[in-house]
Amino acid sequence: MSEALSNLLREDRRFPPPAELAAAANVTKETYAEADADRIAFWEKQARRLHWDREWDEALDWSKAPFAKWFVGGRINAAYNCLDRHVEAGNGDKVAYHWEGEPGDTRTITYAELLREVSRAANALTELGVRAGDRVAIYMPMIPETVVAMLACARLGAPHTVVFGGFSASALRDRIQDCDARIVITSDGGYRRGAPSALKPQVDQALTECPDVRNVLVVKRTDQDVEWTEGRDLWWHEAVDKQSDQHTAEFFDAEQPLYVMYTSGTTGKPKGILHTTGGYLTQVAWTHWAVFDAKPDDIYWTAADIGWVTGHSYIVYGPLANGVTSVMYEGTPDTPHRGRWWELIAKYGVSILYCAPTAIRTFMKWGEDIPADFDLSSLRVLGSVGEPINPEAYVWYRTYIGGGRTPVVDTWWQTETGGMMITPLPGVADGKPGAAMTPLPGISAEVVDDAGNAVPNGAGGYLVLTEPWPAMLRTLWGDDQRYVDTYWSRFEGRYFAGDGAKKDDDGDIWLLGRVDDVMNVSGHRLSTTEIESALVSHPNVAEAAVVGATDPTTGQAVVAFVILRGSAAASGEQAAKELRNHVAAEIGPIAKPRQILVVEELPKTRSGKIMRRLLRDVAENRELGDVTTLTDSSVMELIRTNLSTPGAADDD
Ligand code: WTA
């Protein structure tokens, strides 16, 4: 095992923190020692960065492990911490969000305005009968009302479940049913790719099978025609605007549920990850401040959708708890042109950008000339999240977006962990392209072998978390047993993250992708990520996806799907041969793909994750599985057509 997952890919580049940033950094090396000395006291100190109506009696109750309670007996309100306390401190005029609609309309919302809007919405929800503990479903585009709706729920102690606006009616229905939400907040639609895209019809369809939903609050965004169910449907502007803008927040137990976020597991049924209030807010606020080195005058932008955990923790709760100014953008990066993100960074003077490697690789594909046309000199810290970032994308990001100056923090965490867990700190660590590096202060992780023993440096295995952490999921909604089985059974007493990882010679952690993305070729375990990185390090490759296909001789064989860069795209067969040799040279002959298929597009979920399952189906010549969550179903057609093109597949 240790040898099997060992570090085959060599990466020697190092990027020390800029001296100025390091000298003024929010967090220094000493913080690690402090947390090591007393982990619990460390988190108590971070919890005190928030306002508590009553302090806790006990920081952590782990007596019913793996069911944790943090800050037991403490009383807190998440919305109060995100809004009221900043206004009370005299910062009401500070901008909370510079919001930019895709068509170019904008809204600037201060903390005081956001508080008034959230108070109105909380009053409206109260009028609709929402009480502490009730679940509210939110199915919205990236507009300010989405944040308002979430905070209004938080203010009332009513857990929200935000369903990504790109999900289908049946996905929405399943989630509403699973957490038994009685109120749904939506909009007529939002703008995507230059056109209004409707949301209300999906709600209407979902609700044909959700008889317990009493009311639907509808924000008017696009002015599209909508079907209307009298008595059930209410316009947001009619129900909310008339309310008083005063609302006194009630303080709840630290373990009051804050939200349920559904995420896919290995079975078809999505898992409702439950996050509670005090511990979650402590960790997202502290990590946002520490990992991005957030300062009061920073302009911060998480370019993700609020419908994912990244949006919850680092568009809404973390930045607002810290009183920071954020940018929020409604649309896609290529509308109306491929420089839209860079235009926004220049316009608002964004200093911290947080996004996913898949976006970065797309920008690489479009070429560095596009960002070169914009002034990106305001940027000082860049972040990455959601999947392993291959060293080439990391260096491209640092070079062409960060101007060669900015640290890049590669942050590993999950919906389940609630907040960042493994990442370098920008003022402390020398950045290593491709490595998430070390657990944050107060976080304990290990890489273990099949038997659960820690692997030595230079070896690989499974990533586990060895101590409870404040923002950890508390359970799966309505399914305690599945919570125990999924996360706490594989390795006794430890949380199994489902990711493969390796420790390099310095003991730093590299993520290797989900364990089910780890292949076994001739008895050697190979990571899809590692081979993808090798492929993308070739100048002709824009993007690559690797899957393990069943092979009669070697068990599994490596099959790679690659998108070539513009100039290289012509040379099918020759390109494939060269790339196989390139992988052999970068990693070793064992990693040489059996086949390289040159494609135009890769099938992705709406959250940007490559659908390897589909690619595996193609690689193994099977009937295609379910394609309904694809962003673009024509992609699979394209790939199949390509497969039958002579020269595209190379097998020698
Ligand atoms: C992957 C997103 C490598 C990982 C916050 C994890 C990463 C899953 C990284 C969780 C990273 C996330 N490097 N892999 N920096 N960040 N992942 O729940 O496989 O959407 O288990 O949470 O994404 O995805 P989720």
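Structure shown above.
Residues numbered from 1 in each chain as written. Predicted model: local features only at pLDDT ≥ 70, side-chain atom pairs only at ≥ 80, totals over all residues. Heavy atoms only, no water.

Undergrad: Where do I start with the site of the ligand in this structure?
TA: Taken together, the neighbourhood of the ligand is formed by 16 residues, with Asp 410, Thr 411, Thr 415, Asp 499 and Arg 514 sitting nearest. Separating an oxygen atom of the ligand from a side-chain N or O atom of Thr 415 is a distance of 2.6 Å. Within the complex, 91% of the 530 Å² of free accessible area of the ligand lies under protein. Within the residue set of the shell around the ligand, elements represented by two or more residues are helix 11 (309–321), strand 20 (408–411) and strand 24 (509–514). Its residues assigned to classes, the shell around the ligand comprises six nonpolar, five polar and five charged. (Near = heavy atom within 4 Å. Polar contact = N/O pair within 3.5 Å; in protein donor to acceptor, adjacent residues only side chain to side chain. Areas by Shrake-Rupley, 256 points an atom, 1.4 Å probe, with all protein chains shown as cover. Helix = DSSP H or I, 4+ residues; strand = E, 2+ residues; numbered from the N terminus. Nonpolar A, V, L, I, M, F, W, Y, C, P; charged D, E, K, R; others polar.)

Undergrad: So what exactly am I meant to see when it comes to the sheet that holds strand 18 (residues 352–355) here?
TA: Taken together, the seven strands give an open sheet; going across it, the order is 5-4-17-16-18-19-20, and neighbouring strands pair in mixed fashion. Among the strands making up the open sheet, the edge pair consists of strand 5 (106–110) and strand 20. The sheet shows a mean angle of 20° between the axes of neighbouring strands, direction not considered. With three bridges joining them, strand 16 (residues 299–302) and strand 17 (residues 325–329) adopt parallel strand pairing. Each residue of the ladder has a partner; that of Trp 301, found in strand 17, is Val 327. This element, helix 12 (residues 340–348), spans strand 4 (95–100), strand 5, strand 16, strand 17 and strand 18 of the sheet and lies at about 145° to strand 4. (Pairing = 2+ DSSP bridges. Axes fitted to C-alpha atoms, helices over the stretch in contact; angles between N-to-C directions. Contact = heavy atoms within 4.5 Å.)

Undergrad: Teacher, can you tell me more about the nonpolar core here?
TA: Across soluble globular proteins, nonpolar side chains show a tendency to be buried alongside one another. Core analysis: the biggest nonpolar cluster contains 115 residues, and Leu 114, Leu 151, Ile 185, Val 316, Tyr 317, Leu 320 and Leu 463 have the highest contact counts within it. Per-element accounting of this core gives the leading share, nine residues, to helix 6 (residues 144–156). When residues of this core are assigned to domains, at least three fall in each of domain 1 (19–76 + 259–513) and domain 2 (110–250). Sequence-distant contacts of Leu 114, defined by excluding residues within four places in its chain, comprise Leu 83, Ala 96, Tyr 97, Ile 109, Val 148, Leu 151 and Leu 320. (Core = buried A, V, L, I, M, F, W, Y, C linked by side-chain atoms within 4.5 Å. Buried < 20%, exposed > 50% of the residue type's maximum accessible area, 1.4 Å probe, protein only. Domains from an automatic or database assignment.)

Undergrad: Explain the sheet that holds strand 21 (residues 445–448) to me, please; I cannot follow it from the model alone.
TA: In sheet architecture, strand pairing relies on hydrogen bonds along the backbone and comes in two forms, parallel and antiparallel. Here four strands make up an open sheet; going across it, the order is 21-22-23-24 and the pairing antiparallel. Across the chains shown, the open sheet's two edge strands, defined by having one partner strand only, are strand 21 and strand 24. Direction aside, neighbouring strands of the sheet carry axes that sit 45° apart on average. When strand 21 meets strand 22 (residues 460–465), the two strands line up antiparallel, connected through four bridges. Bridge pairing in strand 22 places Val 447 opposite Leu 463.

Undergrad: For this particular structure, what's the right way to read the pattern of salt bridges?
TA: One side chain can pair with another of opposite charge once the charged atoms of both are near each other. All told, the structure shown has 37 salt bridges when counted by the stated rule. A salt bridge links Asp 223 to Lys 220; its shortest N-O distance comes to 3.7 Å. Taken together, the shared-partner salt bridges connect Glu 100, Arg 340, Glu 343 and Lys 347 into one network. (Salt bridge = Lys/Arg side-chain N within 4 Å of Asp/Glu carboxyl O.)

Undergrad: Quick question: what am I supposed to make of helix 19 (residues 612–619) here?
TA: With six of its eight residues buried, helix 19 lies for the most part within the structure. Residues of helix 19 that are buried: Arg 612, Leu 614, Leu 615, Asp 617, Val 618 and Ala 619. Asn 621, located one to two residues past helix 19, shows a positive phi value of around 60°.

Undergrad: What exactly am I supposed to notice about the side chain of Arg 232 here?
TA: Position of Arg 232 among the secondary structure elements: in the loop between strand 11 (215–219) and strand 12 (233–235). A polar contact is formed between the side chain of Arg 232 and the side chain of Asp 204, at a distance of 2.8 Å. Discounting chain neighbours no more than four positions away, the residues touching Arg 232 are Lys 200, Asp 204, Leu 207, Arg 214, Asn 215 and Val 216.

Undergrad: Help me understand helix 15 (residues 391–401), please; the structure alone is not making it clear to me.
TA: In an α-helix, one full turn covers 3.6 residues, which means residues spaced three or four apart are oriented alike. Of all eleven residues in helix 15, eight are buried; the element is thus mostly enclosed. Phi turns positive one or two residues past the end of helix 15, at Gly 403, with a value near 60°.

Undergrad: How do you make sense of the packing of helix 4 (residues 78–91) against helix 6 when you look at a structure like this?
TA: Relative orientation and spacing of two packed helices are given, respectively, by the angle between their axes and the distance between those axes. Running from amino to carboxyl end, helix 4 crosses helix 6 at an angle of 115°, the nearest separation of the two axes being 7 Å. Of helix 6, the residues touching helix 4 (which contributes Ala 78, Ala 79, Tyr 80, Cys 82, Leu 83 and Asp 84) are Leu 151, Ala 154 and Arg 155. Here the residues of the contact of helix 4 with helix 6 sort into seven nonpolar, no polar and two charged.

Undergrad: Can you walk me through the pairing of strand 19 (residues 381–385) in this structure?
TA: When a strand is regular, its side chains alternate between the sheet's two faces. Summarising burial for strand 19: five of the five residues are buried, a large majority. The alternating pattern of strand 19 places Val 381, Gly 383 and Val 385 and Leu 382 and Ser 384 on opposite faces, both of which are buried. Looking at chain direction, strand 18 and strand 19 are connected through four bridges and run parallel. When the sheet's bridge partners are listed, Leu 353 is paired in strand 19 with Leu 382. Sheet topology places strand 19 next to strand 20; four bridges connect them, and they run parallel.

Undergrad: Help me understand the packing of helix 5 (residues 111–127) against helix 6, please; the structure alone is not making it clear to me.
TA: Viewed as axis vectors pointing N to C, helix 5 and helix 6 meet at an angle of 65°, and their least axial separation amounts to 8 Å. As helix 5 packs across helix 6, the resulting crossing turns out to be right-handed. Taking contact as the criterion, the partners of Leu 114, Leu 115, Glu 117, Val 118, Ser 119, Ala 121, Ala 122, Leu 125 and Thr 126 in helix 5 are, on helix 6, Val 148, Leu 151, Ala 152, Cys 153, Arg 155 and Leu 156. The residue makeup of the contact of helix 5 with helix 6, split by class, is eleven nonpolar, two polar and two charged. (Left-handed = near helix turned anticlockwise from the far one by under 90°.)

Undergrad: Is there a simple way to think about the state of the cysteines in this case?
TA: Each disulfide is one covalent bond, formed between the sulfur atoms of two cysteines. Considering all chains together, one arrives at zero disulfides under this definition. As a non-bridged cysteine, Cys 179 has Cys 210 as the owner of its nearest cysteine sulfur, 9.8 Å distant. For Cys 210, a relative accessible area of 6% corresponds to the buried category. (Disulfide = S-S within 2.5 Å.)

Undergrad: Looking at this model, I keep getting lost on the environment of Val 447. Mind explaining?
TA: Inspection of the secondary structure assignment puts Val 447 in strand 21. Since its relative accessible area comes to 0%, Val 447 is described here as buried. Residues Val 447 and Ile 509 lie 62 residues apart in sequence; the distance between their C-alpha atoms is 8.2 Å. Those residues within four positions of Val 447 in sequence are excluded, and the remaining contacts are Asn 453, Ala 454, Val 455, Gly 460, Gly 461, Tyr 462, Leu 463, Ala 501, Lys 503 and Ile 509.

Undergrad: Looking at this structure, I do not really get the environment of Ile 443. What am I missing?
TA: By the element assignment, Ile 443 lies in the loop between strand 20 and strand 21. Expressed as a C-alpha distance, the spacing of Ile 443 and Met 420, which sit 23 residues apart in the sequence, is 9.5 Å. Residues in contact with Ile 443, not counting those within four places in the same chain, are Trp 43, Gln 283, Met 421 and Trp 469.

Undergrad: Explanation requested: unusual backbone geometry in the structure shown.
TA: Phi is mostly negative for residues that are not glycine, and the peptide bonds are mostly trans. Following Ala 65, the chain continues into Pro 66 via a peptide bond in cis, with omega recorded as 5°. Among the structural elements, Pro 66 can be located in the loop between strand 1 (58–61) and strand 2 (69–72). Of note, the bond from Thr 335 into Pro 336 is cis; its omega dihedral lies within 30 degrees of zero at 0°. Along the chain, Pro 336 falls in the loop between strand 17 and helix 12. You will see that Asp 180, though not glycine, has its phi angle at about 55°, which is positive. Secondary-structure assignment places Asp 180 in the loop between helix 7 (169–179) and strand 8 (183–187).

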